[in-house]
Structures are given as C-alpha cells and as structure tokens.
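# Descriptive structure summary
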Amino acid sequence: MDILQAVRYRAYSLHNYQQIPQVESLSDRQKFDISVVGSVLPFKVNNYVTDELIDWSDPASDPIFRLTFPQRDMLLPEHYRQMAHVIRSGGDRNAIKEAAHRIRLELNPHPAGQMALNVPLMDGVRLTGIQHKYRETVLFFPSSGQTCHSYCTFCFRWPQFTGMDEWKFAMRETELLVRYLEAHPEATDLLFTGGDPMVMNYKVFSQYIEPLLDGRARTNIQTIRIGTKSLSFWPYKFLTDPDADQFLRLFERITRQGINLAIMAHFNHPRELATEAVAAAVRRLRATGAQIRTQSPLLNHINTDPDSWAEMWRTQVNMNMIPYYMFIARNTGARHYFEVPLVRAWEIFREAYQQVSGVCRTVRGPSMSCTPGKVQILGVSELPLGEGLMQKVFALRMIQGRHPDWVAKPFFAKYDPEATWMSDLKPAFGEKFFYEKELESITSDTPDEEHYLFE
Ligand SMILES: *Cc1c(COP(=O)(O)O)cnc(C)c1O
Ligand code: SF4
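In this report, the structure presented in the accompanying data block is examined. Starting afresh in each chain, residues are numbered from 1 along the sequence in its written order. A letter from A marks each chain and a number from 1 marks each ligand, given out in the order of writing. Local features in this predicted model are restricted to residues of pLDDT 70 or higher, and side-chain atom pairs are both shown and tallied only at a pLDDT of 80 or more, whereas totals for entire chains, interfaces and linings draw on every residue. With hydrogens and water set aside, each side-chain value is computed from the structure's full complement of heavy atoms.

What you tend to see is this: most non-glycine residues have negative phi, and most peptide bonds are trans. With omega at 15°, the peptide bond leading from Gly194 into Gly195 counts as cis. Geometrically, the link from Gly365 to Pro366 is a cis peptide bond, its omega value of -15° lying close to zero. Take Pro366: it is sitting in strand S12 (residues 364–370). For Asn108, which is not glycine, the phi torsion reads 50° and is therefore positive. Considering the arrangement of structural elements, one finds Asn108 in the loop between helix H5 (93–105) and helix H6 (114–118). Throughout, exposure labels follow a simple rule: accessible area from a 1.4 Å probe, protein chains only, divided by the maximum for the residue type, with under 20% read as buried, over 50% as exposed, and the rest as partly exposed. Exposure remark for Asn108: the relative accessible area of 34% places this residue in the partly exposed category. Although it is not a glycine, Ala408 sits at a positive phi angle of roughly 65°. Numbering of helices and strands starts at the N terminus; helices are DSSP runs of H or I of at least 4 residues and strands are runs of E of at least 2. Position of Ala408 among the secondary structure elements: in the loop between strand S14 (389–401) and strand S15 (411–414).

Moving on, we come to the site of ligand 1. Surveying the vicinity of ligand 1 reveals 11 residues, the closest of which are Arg225, Tyr324, Tyr325, Lys374 and Gln400. Polar contacts, as used here, are pairs of N or O atoms within 3.5 Å; protein pairs need one atom able to donate a hydrogen and one able to accept it. Residues neighboring in sequence count only if both atoms are side-chain atoms. Arg225 places a side-chain nitrogen or oxygen 2.6 Å from an oxygen atom of ligand 1. At a separation of 2.8 Å, an oxygen atom of ligand 1 approaches a polar side-chain atom of Tyr325. All accessible areas in this document rest on Shrake-Rupley with a 1.4 Å probe, and a residue is counted as covered only by the protein chains that are shown. If ligand 1 stood free it would expose 380 Å²; the protein chains cover 94% of that surface. Elements that contribute at least two residues to the shell around ligand 1 include exactly strand S5 (130–134), strand S6 (137–140) and strand S11 (322–328). Residues are grouped as follows: Ala, Val, Leu, Ile, Met, Phe, Trp, Tyr, Cys and Pro are nonpolar; Asp, Glu, Lys and Arg are charged; all remaining types, including Gly, are polar. Here the shell around ligand 1 is composed, by residue class, of six nonpolar, two polar and three charged. A single heavy atom is enough: if one lies within 4 Å of a molecule or strand, its residue is considered near that molecule or strand.

Our focus in this paragraph is the pairing of strand S9 (residues 260–266). In terms of burial, S9 is largely enclosed, as six of its seven residues are buried. Of the pairings in the sheet, the one linking strand S8 (residues 223–228) to S9 comprises six bridges and is parallel in character. Bridging across to S9, Thr228 finds its partner in Ala265. Pairs of strands are assigned from DSSP output, requiring at least two bridges between the strands. Two strands pair when backbone bridges link them, and S9 and strand S10 (residues 291–298) are joined in this way by five bridges, in the parallel orientation. From the neighbouring strand, Ala265 faces S10, where its bridge partner is Thr294. After leaving S9, the chain enters helix H12 (residues 276–287) and then returns to the sheet as S10, a path that is right-handed. If you view a crossover with the strands going away from you and the path from the first strand over the helix to the second runs clockwise, you call it right-handed.

Here we take up the side chain of Thr174. Note on placement: Thr174 falls in the loop between helix H7 (158–161) and helix H8 (175–183). Two residues form a contact once any of their heavy atoms are found within 4.5 Å. Excluding anything up to four places from it in sequence, Thr174 contacts Phe140, Gln207, Tyr208 and Pro211.

In contact at an axis separation of 9 Å, helix H4 (residues 77–88) and H5 are set at 175° when each is read in the N-to-C sense. Comparing the axis directions of H4 and H5 gives the class roughly antiparallel. Contact residues: His79, Gln82, Met83, Val86 and Ile87 in H4; Ala95, Ile96, Ala99, Ala100, Arg102 and Ile103 in H5. Considered class by class, the residues forming the contact of H4 with H5 number eight nonpolar, two polar and one charged. Every axis corresponds to a line fitted to the C-alpha atoms, with the helix fit spanning only the stretch in contact, and the corresponding angles, defined between N-to-C directions, vary from 0 to 180 degrees. Note that the term roughly parallel is reserved for angles under 35 degrees, roughly antiparallel for angles over 145, roughly perpendicular for angles of 65 to 115, and oblique for everything else.

In a helix, the anticipated span is given by 1.5 Å times the number of residues less one. Here H5 is 13 residues long and its end C-alpha atoms lie 18 Å apart, about the 18 Å a rise of 1.5 Å per residue gives. Residues Ala99, Ala100, Ile103 and Arg104 constitute the buried set of H5. Buried residues along H5 cover an arc of 135° about the axis, so they all sit on one side. In H5, the exposed positions angled more than 90 degrees off the buried face are occupied by Asn94, Lys97, Glu98 and Leu105. Turning to H5, the residues buried within the fold contact H4 and H7. By definition, the arc is the one covered by directions from the helix axis to the C-beta atoms.

Once that is clear, we can look at the pairing of S14. A regular strand places its side chains on the two faces of the sheet in alternate fashion. Pairing between strand S13 (residues 373–386) and S14: 12 bridges, direction antiparallel. Along S14, the bridge assignment pairs Gly373 with Gly401. The hairpin formed by S13 and S14 contains two residues between the paired strands, and Glu387 there has a positive phi angle of roughly 50°.

With that settled, consider the sheet that holds S11. With mixed pairing, the 11 strands of this open sheet are ordered in space as S5-S6-S7-S8-S9-S10-S11-S12-S13-S14-S15. The open sheet has two free edges, formed respectively by S5 and S15, since each of these has just one partner strand. Strand-to-strand twist in this sheet, taken as the mean axis angle between neighbours without regard to direction, amounts to 35°. The pairing of S14 with S15 spans four bridges and is classified as antiparallel. Among the inter-strand pairings, Ala395 is bridged to a residue of S15, identified as Phe412. Seen against the sheet, helix H11 (residues 244–256) touches S8 and S9 and runs at an angle of roughly 130° to S9.

Right under this line is the structure:
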C-alpha cells in the first residue's frame, strides 16, 4: 500500500457495523452478541482498525477484534440475559435504552467521585475541564476532544461514550486554563487528554495551543503532553489527513520554543506497531522534535503474554519511542473480563522486563492509578517475623503521590493472590497504610473515590 495515498475515514458503530465488508464472515451468533453487548457498552471502530489491524481469519481469538468489538463475556451472564431478552422479544429503542441504563448503573460507572478532589477552584469557579492531582502536572480536557477514533472495550471512560456522563470534565476555553497555570508555577507539565485530543481538527486544536506559545502566557509549562491513541487507531492523522502537515508544523513550533512535546501514545498490542502507516506517522512526529512515550494497561484476553510486552517495548524503542507505563486496568465496566490478579500482573511485568535491555526499562509498572497516587507493585517478598516465621507481602511504592512526600517510599501489603486492585489490599503491618491518615484528611468528603487516569 502506498502510505501517502489518502485514506478516507469511515466510522462504524452499532447501527452500521454490518456494512463493514469483513463482518460478513461473523456468525449470526457473534452478530447477536455484538448487538446485545454493544447496546450496553460503547462501540465504535474505523476502517483502519478493520482493514489493517484485525486478522479476520479468526476474529474470536484476535486481540484487536476483542479490543474494539463488543464480546459476549464482557457482560455478566445475568446482564447478558436481560439485554438479550429485551432484544429477542422485539423491544423498541426505548426498551433497549432503559435496560441498558439499568445495567450500566450496576457496572460501577463512577469509580471516581474524582471531580470533588481533583477539580480546582479559581476565583470561586470550578474549573471542570482541569484536574490537578499531582503538583507538577495539570490535566486538561478540551471540550472538543472528548471522543475517540475508535473505542477500546476496556476503557474506563465508557460512561461518557454512552452519553451517561455528557463530557462533564470538558472545558471549552483555554483562557481559564492559562490563568490557572499562571497562578500555579509549580505546574511544569500540561497534559491534554480526553477522549483523544487528536480527534480534533487543526483549527480547533490550535486554538487550545496558541495561547500557550510565543511567550504569550507567563506560565511555567515546560512540557506539553498529548495523550492519544491516534497512532494505533488512525495514524493517517499525521500522514494524509488534510491538516496533517499543519499539525506537524505546530508541533515543530512547540519544540523550537524549548518546550518538551511528549506524545503519550497508547498501544495495547504489538500488532498496532506493525503497519507501514504507524511507522511513517512515528517518523514524521519524531522529525518535529516531539518525543513519543508509550503506555498501556494490562488486559486479560488482549495482552497477558509477557513476550508480547517485551516485543512491544523492544519495537517501540527501535521505532524511536520511549516505553513509559504499564497500568493495571480499572475496576469499572467490563472489569471481570479484563482483570488480572495483581500478583499475575507483577509476574507478567517481570517476565517481560527481564527479556529486554536497559533502553526498554524506562517503563514503569505495573501501576494502579488510585486515590493516594500511582501505586507500583514492586513484587512479592517474604519478610521474617522472628522465630523462623515468614510473612508473604506485596512490596509497593508510589510512582506519583497526591502528597509529594509519599513518592518513592516502599510500603507493604498482605499478600493476597486474588487481589486485583488497591482496594483489595490490607496493610501488612499495623492498621493503616502510612499515607492513609493524611489522605483521609484530604478526602474526607469523598472517601470512596478512586482516580484518574491512564491516558
Ligand atoms: C498519571 C497522571 C499524571 C501524570 O503523572 P506522571 O508521573 O508525570 O506521568 C498526572 N495526573 C494524573 C491524575 C495522573 O493519573
Ligand atoms: S482508552 Fe483512550 S482511545 Fe481507548 S476509548 Fe478510552 S479514551 Fe479512547
């Protein structure tokens, strides 16, 4: 294929996915599953994903198919039965909508009461498009970047994509953002997130960036990060889309001003690194002086093979990208389908990490983004209790902490082979983890809250 030949973007969802030519090869049963699960969980895919990433010879076991198409087991059997019943008995749109809403409410749609804690106030106004959890880094949710080129089936933003949440974290204006950053010189990093900010066209996107450039703002921003899945889901964004070159020139302008531009690229599987289009897009981005850092959650049914992680990191480095995070998937939506016990997550990380050289070991993980911070699982150890007794523990540390003092301090949890998230862990010694008292004083309004963010 000639990569510089423009490819027209075609998006598919539940209503028109049967027009995807390859879908003909699916069985009636598979299509029915898609309509049942896709009525509850968001579904959107595009022609790059269907034409160049999915191997249609056996879609049921294809990681990219599972990553983007609804799968039967993503709903609990009870929920599946409820929705299948509504559809089989000829329920109309409203009946389907109602059943979907009822099921969604049982899927822990808001693992974060995150607004209350992370959304800053300025002059008495809640800046809902901003989250400022860690001192150095401000997250910005531009209102026009709250959707994606395709949806990942595991995504914790699913309530937003089903219309449950109406993009409530988004902000239209950069003016408030700039004022906030000017008032917070401790913030050195600005992270554009979404959805995917790279769904915006140039005209819209540049309006968010321009106010930060050419010395117009007196902020202390030294790094601009853009969290995006566009390299995996639509690399033509940087190749043949009509405004591709404008984006690249803007990126060049950013880096020439001495601002570090980091594309935080989201890759879940080595397959996403294998097309000519992604290779070309990476080359063009790197030529602007931008860095590309990579991240992914660990997902059952998609990427639990340590070799595929080692291959991902190695390939990324060869392509001139920097491995950054391996995350533990959040406890929301179809978590039962994707979750991996923490101990297994650590084993996979370790088996992959052991296979690669130091240039790939910039990756950090496995890491949980939870209320106190980004908690990394260092491993499983046995500690002597005296009198020849040993206690098995998880050794943990924070890569990021809500309180900067918490970072990089080792702490221990009781070993639990079934634990899949921080909330399952108990302190190995004493009643509380070292940070809990201080955390309670910060979070007393919303004690259950768990946090953002893996983009
Ligand atoms: C991960 C994350 C960041 C970025 O943290 P770094 O350690 O700088 O990569 C910022 N804000 C939130 C809420 C995060 O979860
Ligand atoms: S993981 Fe990122 S690209 Fe995927 S659906 Fe969620 S926000 Fe969009």
